[in-house]
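Fold and geometry: a report
Chain residues, written in single-letter form:
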Amino acid sequence: MTKPEIRVATFAGPGAEPVIRSVPWPEVPRKAALIKVGACGVCGTDQHILKGHWPKPLPWPFTLGHEIGGVIVEKGDEFTADFMEKPLAVGSKVMIPPLMPCGQCYYCVHYPEQANKCLTPVYYGRYLGFDKAPHLWGGWAEYVYVDLDMLPGTKVYKLPDDMSLRLGALSEPLTSCIRAFNRATRAGGFKWGDTVVIQGSGPIGILAVAAAQEMGAGRVICVGAPEEPRLALARRFGAEATVDITELKTPEERIARVREIVGGFGADLVMDCSGHPSAGPEGIEFLRDGGTYVEMGQFTDAGKIETSWHRICSKDLNVLGSWAFTGNDLPLGVDMLYRARDKYPWLDMQTIYPFTEEGVSRAVADAMAMKTVKSTIVPFPELVA
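About the thresholds
Residues numbered from 1 in each chain as written. Predicted model: local features only at pLDDT ≥ 70, side-chain atom pairs only at ≥ 80, totals over all residues. Heavy atoms only, no water. Helix = DSSP H or I, 4+ residues; strand = E, 2+ residues; numbered from the N terminus. Rg over C-alpha atoms; globule rule 2.2 N^0.38 Å. Contact = heavy atoms within 4.5 Å. Areas by Shrake-Rupley, 256 points an atom, 1.4 Å probe, with all protein chains shown as cover. Lys, Arg positive; Asp, Glu negative; His and termini not counted. Charge placed at Lys NZ, Arg CZ, Asp CG, Glu CD. UniProt positions renumbered as here; feature names shortened; annotations may be inferred. Domains from an automatic or database assignment. Buried area = accessible area lost by both parts, 1.4 Å probe. Axes fitted to C-alpha atoms, helices over the stretch in contact; angles between N-to-C directions. Parallel < 35°, antiparallel > 145°, perpendicular 65-115°, else oblique. Nonpolar A, V, L, I, M, F, W, Y, C, P; charged D, E, K, R; others polar. Pairing = 2+ DSSP bridges. Buried < 20%, exposed > 50% of the residue type's maximum accessible area, 1.4 Å probe, protein only. Expected span 1.5 Å × (residues − 1). Arc of directions from axis to C-beta. Salt bridge = Lys/Arg side-chain N within 4 Å of Asp/Glu carboxyl O.

What follows covers the overall build of the protein. Along its length, the protein carries twelve helices and 17 strands. Relative to the globule expectation of 21 Å for 385 residues, the C-alpha radius of gyration of the protein, 21 Å, shows essentially globular dimensions. For the protein, the proportion of contacts with a sequence separation of at least 24, taken over those separated by at least 6, is 72%. For the protein, the exposed area adds up to about 16,000 Å²; of that, 53% sits on carbon and sulfur atoms. Charged side chains of the protein number 39 positive and 45 negative; the gap between the two group centres comes to 2 Å.

This is the structure in structure tokens:
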């Protein structure tokens, strides 16, 4: 029986509209698998790429999308287990991360805790061009192809059988938040009962509100905008208070309001999830002396700012950067989502869009306009019903 062609969305460059192309159903060799996409989110990184902000060369045209939850529909005989040695079969639900450390370079071998800085990573939804056969290298598509012989760094993670694929698509961004808090913990800057301020109320900010509570925060405050749908959702996720930057328009007003909410001398930890360069100088003023500032929002180069490093010194602060995650971090995101699946309104983060050129275009545009928290593209609605 002739197998159907597969549709994939490609972009020709920054500012371009999506074009859906059809490619042949691939042969699936012994260490490969074909994964039917149930849901794939629109990440802030995707938006920055389409705005032309990505600092490295990209293989245009290519398929974006790296927050993938899907199901294996075909696999080779030697594609038997995920990265954590959990058995895989046709019908297994899986997630595929974007950044897959190679396991062999300098950082992977000598500094495994920094394998996120792998020198030769596999990047789905970013560095694999459409021209590379079988052309199924990103999540804004009907299917994604993985091949351990072709791309040995590839990592796949099994999801629980009864886990929604929409929930699975949130495991990659949530993992970034978990690693950022673990960075602070290892530096002695985050412990049970701490007061945390999250800068940014986009999807990473909302997920960070949940992660902070699951990892022991006593109080969580979120600073961002707009009220609907974002700050209102942050409170539903457990933020005890929110600060709207469209109402309090100056850093001085926001600093005063955060300190009023927190009380005492300031927060124990502030985490930037906003992606805006001005967050840093403002955020360190939310902190008590000796507090910890974690920068995880500047994933692309959004520009420079003037700041006084004297404030970092005089306040005796810990300042940490956190870039993505390692291969061993990802199961933490899956486990947290599954364990707390009924505790937070996870699926209310997502606004669903069909897999059409218009649907993909609207998903991106609405995310950029902050009309959604997490635009999510769903090629096969029956998989996530």
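Take the UniProt feature "domain: Alcohol dehydrogenase-like N-terminal" (unreviewed entry) in the protein next. UniProt annotation of "domain: Alcohol dehydrogenase-like N-terminal" (unreviewed entry) refers to residues 32–150 when read in the numbering used here. The span residues 32–150 is 11% helix and 27% strand, and its two end C-alpha atoms sit 9 Å from each other.

Below, the discussion takes up the domain arrangement of the protein. When its domains are assigned, the protein resolves into domain 1 (6–161 + 349–383) and domain 2 (172–321). Domain 1 and domain 2 are separated by 29 Å when their C-alpha centres are compared. Contacts between the two partners involve 20 residues from domain 1 and, on the opposite side, 17 residues from domain 2. Note on domain 1 versus domain 2: buried area summed over both sides is about 1,500 Å², and carbon and sulfur give 63% of it.

This part takes up the packing of helix α5 (residues 203–214) against helix α6 (residues 227–236). Between α5 and α6, the least distance of the axes is 9 Å, while the angle of their chain directions is 10°. Relative to α6, α5 is oriented roughly parallel. Between α5 and α6, the residues in contact are Pro203, Ile206 and Val209 and Arg230, Leu233 and Ala234, respectively. When the residues that make up the contact of α5 with α6 are grouped by side-chain class, the tally is five nonpolar, no polar and one charged.

Turning to the packing of helix α4 (residues 171–186) against helix α10 (residues 330–339), a few remarks are in order. Running from N to C, α4 and α10 cross one another at 110°; their axes reach a closest spacing of 8 Å. Taken together, the axis directions place α4 and α10 in an arrangement best described as roughly perpendicular. Together, Ser171, Glu172, Leu174, Thr175, Ile178 and Asn182 of α4 and Leu330, Leu332, Gly333, Val334, Met336 and Leu337 of α10 make up the contact between the two elements. Residues that form the contact of α4 with α10 fall into these classes: seven nonpolar, four polar and one charged.

In space, the six strands of this open sheet follow the order β12-β11-β10-β13-β14-β15, with parallel pairing throughout. Each end of this open sheet is capped by a strand with a single partner; those strands are β12 (241–244) and β15 (318–321). Across the sheet, the mean angle separating the axes of adjacent strands is 15° when strand polarity is ignored. Looking at chain direction, strand β10 (residues 195–199) and strand β13 (residues 267–272) are connected through four bridges and run parallel. Directly across from Val196, in β13, lies its bridge partner Leu269. Against the sheet, α6 makes contact with β11 (219–224) and β12, and its axis sits at roughly 155° relative to β12, the strand it touches most.

On to the pairing of strand β1 (residues 6–10), then. Burial analysis of β1 places four of its five residues in the buried class, which makes it a mostly covered element. Both β1 and strand β2 (residues 19–23) contribute to a ladder of five bridges, which runs antiparallel. Bridging from a neighbouring strand, Ile6 pairs with Val23 of β2.

So, about helix α7 (residues 251–262). Helix length check: α7 (twelve residues) gives 16 Å between terminal C-alpha atoms against 16 Å at 1.5 Å per residue, within 8%. Considered for burial, the residues of α7 that qualify are Arg254, Ile255, Val258, Ile261 and Val262. The buried side chains of α7 occupy one side of the element, clustering within an arc of 130° when seen end-on. Of the exposed residues in α7, those oriented more than 90 degrees away from the buried face are Glu252 and Glu260. For α7, the secondary structure elements touched by its buried residues are β10, β11, β12, β13 and α8 (279–284). At the exit of α7 stands Gly263, carrying a positive phi of roughly 75°.

The next subject is the environment of Ile6. Secondary-structure assignment places Ile6 in strand β1. On the accessibility criterion, Ile6 (0% relative accessible area) is buried. Apart from residues lying up to four places away in sequence, Ile6 is in contact with Arg21, Ser22, Val23, Trp25, Pro26, Leu34, Leu136, Glu142 and Tyr143.

Before going further, it helps to spend a moment on the side chain of Thr376. When you line up the elements, Thr376 lands in strand β17 (residues 374–378). Given the relative accessible area of 1%, Thr376 is considered buried. Leaving out residues up to four positions away in the same chain, Thr376 has contacts with Ala39, Cys40, Gly41, Gln350, Thr351, Ile352 and Tyr353.

Under the UniProt annotation, the feature "domain: Alcohol dehydrogenase-like C-terminal" (unreviewed entry) is placed at residues 203–335. What you have in residues 203–335 is 39% helix and 22% strand, and the ends, taken at the C-alpha atoms, are 19 Å apart.

By the definition in use, this model includes 18 salt bridges. Measuring nitrogen to oxygen at the nearest pair gives 3.1 Å for the salt bridge that ties Glu74 to Lys3. You can see Glu74 sitting in strand β4 (residues 67–75) and its partner Lys3 sitting in the segment before β1, a full 71 residues away along the chain. Close ionic contact of Lys191 with Asp194 constitutes a salt bridge, the shortest N to O distance being 3.3 Å. The exposure class assigned to Lys191 is exposed, which follows from its relative accessible area of 52%.

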